[in-house]
Amino acid sequence: MELKDLIRSVPNFPKEGIIFKDITTLLKDPNGYKEALNQLVKLAENKEVTKVIGIESRGFIFGGALAEKLNAGFIPIRKPGKLPAAKVSESYVLEYGTDSIEIHKDAIQPGDKILLHDDLLATGGTMKAACNLVEKLGAEVVQISFLIELTFLNGRSKFENYDLHSLIQYDAE
Ligand code: AMP
């Protein structure tokens, strides 16, 4: 099965000029969902992952399932203002302006082996900020996984010292 065939490209969403990679067409396909999850699990099987972190919000979809399959806990990284207890934040630069993400302070402990997961790697700004959050709390990022990588944006170059994987690549828009 070609997972790429299950991804829908939607031009000019959420704004003019962006080609949005829509994963809902993969998610609704039982075999597609299972196949993508199995591939993600296989990548991480020997990594002794203790916690999977999913990035809001599409990173939650496979992140939770991955945690269960790997016998790990699940932790959400969220947009500002969503987490109720004491938290740590990290800001990152966007094309226009900045954004930030947050994690609960007590979510991970030093010594945890973290798998970070999101649906898509574009410039890598979001995932780099997530790595910084994990490392601020003294844990180790043992793997980073994505369903989709937009290779032409070269986000991967921000992660030279990490074990980074994607299941589906696009080398042009
Ligand atoms: P970046 O920080 O540039 O790597 O952007 C990654 C985040 O933005 C991910 O959480 C993606 O869900 C989202 N994103 C960026 N570009 C796209 C795209 N073309 N299609 C779908 N989601 C995208």
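Everything that follows concerns the structure shown earlier in this document.
Thresholds applied
- Residues numbered from 1 in each chain as written.
- Predicted model: local features only at pLDDT ≥ 70, side-chain atom pairs only at ≥ 80, totals over all residues.
- Heavy atoms only, no water.
- Near = heavy atom within 4 Å.
- Polar contact = N/O pair within 3.5 Å; in protein donor to acceptor, adjacent residues only side chain to side chain.
- Nonpolar A, V, L, I, M, F, W, Y, C, P; charged D, E, K, R; others polar.
- Salt bridge = Lys/Arg side-chain N within 4 Å of Asp/Glu carboxyl O.
- Helix = DSSP H or I, 4+ residues; strand = E, 2+ residues; numbered from the N terminus.
- Buried < 20%, exposed > 50% of the residue type's maximum accessible area, 1.4 Å probe, protein only.
- Expected span 1.5 Å × (residues − 1).
- Contact = heavy atoms within 4.5 Å.
- Pairing = 2+ DSSP bridges.
- Axes fitted to C-alpha atoms, helices over the stretch in contact; angles between N-to-C directions.
- Parallel < 35°, antiparallel > 145°, perpendicular 65-115°, else oblique.
- Left-handed = near helix turned anticlockwise from the far one by under 90°.

**Considerations on the site of the ligand**
No. 1: Around the ligand, the structure places 13 residues, and the nearest of them are Arg58, Asp119, Thr123, Gly124 and Thr126.
No. 2: Within the backbone of Lys21, one N or O atom sits 2.9 Å away from a nitrogen atom of the ligand.
No. 3: For the ligand, an oxygen atom lies 2.8 Å from a polar atom in the side chain of Asp119.
No. 4: The residue makeup of the shell around the ligand, split by class, is five nonpolar, four polar and four charged.

**Observations concerning the pattern of salt bridges**
No. 1: One pass over the full model with this rule turns up nine salt bridges.
No. 2: We note a salt bridge from Lys47 to Asp163, for which the minimum N-O separation is 3.1 Å. Placement of the pair is Lys47 in the loop between helix H2 (30-44) and strand E3 (51-55) and Asp163 in the loop between strand E8 (140-150) and strand E9 (164-170), with a sequence separation of 116 residues.
No. 3: A residue is classified by how much of its surface remains accessible, and Lys47, at 27% relative accessible area, is partly exposed.

**A look at unusual backbone geometry**
No. 1: In the segment running from Phe13 into Pro14, the intervening peptide bond is cis, with an omega of -5°.
No. 2: Of note, Pro14 is situated in the loop between strand E1 (8-11) and strand E2 (19-22).
No. 3: Each neighbour pair has its own omega, and for Glu56 with Ser57 the value is -10°, a cis peptide bond.
No. 4: Assignment of secondary structure puts Ser57 in the loop between E3 and helix H3 (59-69).
No. 5: Its identity as a non-glycine residue notwithstanding, Asn12 has a phi of 60°, on the positive side.
No. 6: Looking at where Asn12 falls in the secondary structure, it is placed in the loop between E1 and E2.
No. 7: Judged by its relative accessible area of 39%, Asn12 is partly exposed.

**With respect to helix H4 (residues 125-136)**
Side chains three or four residues apart in an α-helix point the same way, a direct result of the helix having 3.6 residues per turn.
No. 1: Between its first and last C-alpha atoms H4 spans 17 Å; for 12 residues at 1.5 Å apiece the expected length is 16 Å, and the two agree.
No. 2: Considered for burial, the residues of H4 that qualify are Gly125, Met127, Ala129, Ala130, Cys131, Leu133 and Val134.
No. 3: Where the residues of H4 are buried, they touch E3, strand E4 (73-77), strand E5 (87-93), strand E6 (98-104), strand E7 (113-121) and E8.
No. 4: One or two steps after H4, the chain reaches Gly138, where phi turns positive at roughly 85°.

**Focus: the sheet that holds E8**
No. 1: Judged by pairing direction, the sheet is parallel, and its five strands sit side by side in the order E4-E3-E7-E8-E9 without closing on themselves. Each of the sheet's edge strands pairs with one partner strand only, and the pair in question is E4 and E9. Within this sheet the neighbouring strands show an average axis-to-axis angle of 15°, counted without direction.
No. 2: With four bridges joining them, E3 and E7 adopt parallel strand pairing. Bridge pairing in E7 links Lys51 to Ile114.
No. 3: Strands E7, E8 and E9 of the sheet are contacted by H2, whose axis makes an angle of about 150° with E8.

**Quick word on the packing of H2 against H3**
Packed helices, taken two at a time, are described by the angle their axes make and the gap between the axes.
No. 1: As a packed pair, H2 and H3 sit with axes 10 Å apart at the nearest point and diverge in direction by 55°. By the angle class used here, H2 and H3 are oblique. Where H2 crosses over H3, the two elements pack in a sense that is right-handed. Contacts between H2 and H3 pair Tyr33, Ala36, Leu37, Leu40 and Val41 from the former with Ile61, Phe62, Ala65, Leu66 and Lys69 from the latter.

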